[in-house]
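# Summary of structural features
Residues per chain are reported as follows:
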Amino acid sequence: MTDDPALSLAEAVREATAVLAAAGVPSPRVDAELLAEHLLGVGLGRLRAMMLGDSPAPEGYAGLVAERAQRIPLQHITGVAHFRYLELAVGPGVFIPRPETESVVQLVIDWLKDRDRRQDLPHPKVADLGTGSGAIAGSIAHEVPGAEVHAVEFSEFAHAWAAKNLLPLGVNLVRGDLRTALPEHNGSFDVVVSNPPYIPAEAIPNEPEVALHDPPEALYGGGADGMELPTAAAASAARLLLPGGYFVMEHAEVQAGRIAGMLRRSGLWTAVTTHLDLNGKERATSAVLASGDAADRAARN
């Protein structure tokens with residue numbers, strides 16, 4: 001595909017769709033439209049209206065389509081990832097947030113709303129362990145007025161992207177390891193949420209966008225089963241939460257049973273629940289920290 005001034009916008013998008021489909025891009029039509037919208041800056045609704053007329057294709061469109069056909073992530077090309085109500089700055093060195101993770105944010109928001117009905121909680125305190133681009137922490141800060149949100153990220157590159165996204169939202173961003181993060185806040189959070197790296201060591205993602213462009217440190221959870229960092233996130237959550245506080249963690253579908261079993265066996269948690277994502281897969285587990293007496297007994301054992 002080349003930039004042809006004789007092509008209309010609609011013709012260029014149709015041609016781009018065919019190019020991306022041939023390259024195996026999962027959503028070729030949507031990506032073709034989003035690349036055109038990125039160059040024109042008009043919004044998808046206006047773009048589709050323009051395609052009904054004889055508007056010309058934007059200059060440079062063929063080059064962006066060629067990049068996407070090489071399976072460079074769409075978000076790396078546009079520099080933007082859309083997540084719930086946010087536009088996040090993203091690029092090389094940071095994990096691209098997935099739509100499935102939006103349901104993890106919803107679990108937190110629903111729990112806070114329900115807790116607010118049960119007791120006065122005008123300023124809930126929330127920690128996001130392994131924030132990446134800041135998608136989870138930023139969404140909670142944006143959608144829960146009065147929330148005090150803290151976010152932790154270990155990667156230098158991801159931390160830089162998170163700072164760009166989170167500081168305008170008033171989130172306290174810390175560069176640190178989720179295993180040991182925020183010790184000065186032990187026992188003070190109402191919610192701890194985490195989407196840690198969790199892919200098993202031998203599992204190679206099928207999508208080139210993930211395998212070649214997402215940073216490995218954001219993917220692999222450690223150990224043959226990928227459970228080292230999810231296990232560490234659960235331990236940190238137990239350290240950071242108030243008794244009765246809420247923990248929710250995203251994980252691989254195949255890890256759901258292991259994570260639920262780990263939380264139950266520890267004796268630290270009640271109400272252990274597995275949640276389905278938008279595709280009906282077991283993608284998140286939540287639990288409530290037991291009372292101090294129960295937690296102390298479990299720790300001694």
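Check the entry above for the structure.
Reference entry: report on the structure contained in this document. Because the structure is predicted, anything quoted here is derived from the model rather than measured.

Another aspect to go through is the pattern of salt bridges. In a structure, side chains of opposite charge can pair up when their charged atoms sit close to one another. Evaluation of the coordinates by the stated rule reveals six salt bridges. The salt bridge partner of Arg29 is Glu33, with a shortest N-O separation of 3.2 Å. Here Glu33 and Arg29 lie together in helix α2 (residues 28-40), a separation of four residues that amounts to about one turn. Of the residues examined, Glu33 reaches a relative accessible area of 5% and is grouped as buried. A salt bridge links Arg68 to Asp31; the nearest nitrogen and oxygen atoms lie 2.8 Å apart. Residue Arg68 is located in helix α4 (residues 61-69), and its partner Asp31 is located in helix α2; the two are separated by 37 residues in the primary sequence. Looking at Arg68, the relative accessible area reads 6%, which means it is buried.

Burial along strand β1 (residues 80-83) is one-sided: Ala81 and Phe83 are buried, and none of Val80 and His82, which face the opposite way, are. Alignment of β1 against strand β2 (residues 86-89), held across four bridges, turns out to be antiparallel. Counted as the bridge partner of Val80 is Ala89 from β2. A loop of two residues connects β1 with β2, the two strands running antiparallel in sequence, and Arg84 in this loop sits at a positive phi of about 50°.

Summed over all chains, the structure comprises two aromatic pairs. Ring geometry for Trp111 and Tyr246: centres 5.0 Å apart, planes at 10°, overall stacked. Here Trp111, found in helix α6 (residues 102-118), pairs with Tyr246, found in strand β7 (residues 241-250); they are 135 residues apart in sequence, far enough to count as distant. Above the ring of Phe189, the side-chain terminus of Lys125 is found at 4.8 Å from the ring centroid.

Turning our attention to the packing of helix α10 (residues 228-240) against helix α11 (residues 256-266). Geometry of a packed helix pair, given as the angle between the helix axes and the separation of the axes. One way to put it is that α10 packs onto α11 with a least axis distance of 11 Å and a crossing angle of 35°. The two elements α10 and α11 cross, and the hand of that crossing is right-handed. For the pair formed by α10 and α11, the contact residues are Pro230, Thr231 and Ala234 on the first element and Ile259, Met262 and Leu263 on the second.

Contact geometry for helix α1 (residues 9-22) and α2: axes closest at 8 Å, N-to-C directions at 130°. Put simply, α1 runs oblique to α2. Where α1 crosses over α2, the two elements pack in a sense that is right-handed. Contact residues: α1 offers Leu9, Val13, Arg14, Ala16, Thr17, Leu20 and Ala21, while α2 offers Pro28, Arg29, Asp31, Ala32, Glu33, Ala36 and Leu40.

Let's shift gears to the sheet that holds strand β4 (residues 148-153). The seven strands are arranged β5-β4-β3-β6-β7-β9-β8 in an open sheet whose pairing can be described as mixed. The open sheet has two edge strands, β5 (172-175) and β8 (269-276), and neither has a second partner. On average, adjacent strands in this sheet sit at an angle of 15° to one another, irrespective of strand direction. Sheet topology places β8 next to strand β9 (residues 282-289); six bridges connect them, and they run antiparallel. Across the sheet, Thr270 pairs through a bridge with Val288, a residue of β9. Contacts between helix α8 (residues 156-166) and the sheet are confined to β4 and β5, with β5 contributing the most and set at about 170° to the helix. The sheet strands contacting α11 are β7, β8 and β9, and the helix crosses β8 at an angle near 170°.

With that settled, the discussion passes to the pairing of β7. Taking burial as the measure, the 10 residues of β7 include seven buried ones, the bulk of the element. Bridge count between strand β6 (residues 189-194) and β7: five bridges; the pairing is parallel. Opposite Val191, over in β7, you have Tyr246 as the bridge partner. For β7 and β9, the ladder comprises five bridges, and the chain directions are antiparallel. Its bridge partner lying in β9, Val248 is registered against Ser286.

Rules used in this analysis
- Residue numbers run consecutively from 1 along every chain, following the written order of its sequence.
- Reporting of local features is limited, given that this is a predicted model, to residues whose pLDDT is at least 70; pairs of side-chain atoms are given and counted only at 80 or more, and all residues count toward the totals for whole chains, interfaces and linings.
- With hydrogens and water excluded, all non-hydrogen atoms of the structure serve as input to the side-chain values.
- For this document, the term salt bridge refers to a Lys or Arg side-chain nitrogen within 4 Å of an Asp or Glu carboxyl oxygen.
- Helix and strand assignments follow DSSP, with helices taken as H or I runs no shorter than four residues and strands as E runs no shorter than two, numbered in order from the N terminus.
- For every residue, the accessible area obtained with a 1.4 Å probe (protein chains only) is divided by the maximum for its type, and the residue is called buried under 20%, exposed over 50%, and partly exposed between those limits.
- Being paired, for any two strands, means DSSP has found at least two bridges between them.
- What counts as a ring pair is set by centres within 6.5 Å for rings of Phe, Tyr and Trp (its six-membered ring), and what kind of pair is set by the plane angle: stacked under 30 degrees, edge-to-face over 60, tilted for all other angles.
- Lysine NZ or arginine CZ positioned within 6 Å of the ring centre and within 35 degrees of the ring normal marks a charge as sitting over the ring.
- Helix axes are fitted only over the stretch in contact, all axes being lines through C-alpha atoms; the angle between N-to-C directions runs from 0 to 180 degrees.
- Crossing handedness is defined as follows: a turn of the near helix away from the far one that is anticlockwise and smaller than a right angle gives a left-handed crossing, while the clockwise case is right-handed.
- Residue contacts follow a heavy-atom distance rule, with two residues in contact if any of their heavy atoms lie within 4.5 Å.
- Roughly parallel refers to an angle under 35 degrees, roughly antiparallel to one over 145, roughly perpendicular to one between 65 and 115, and oblique to any angle outside these ranges.

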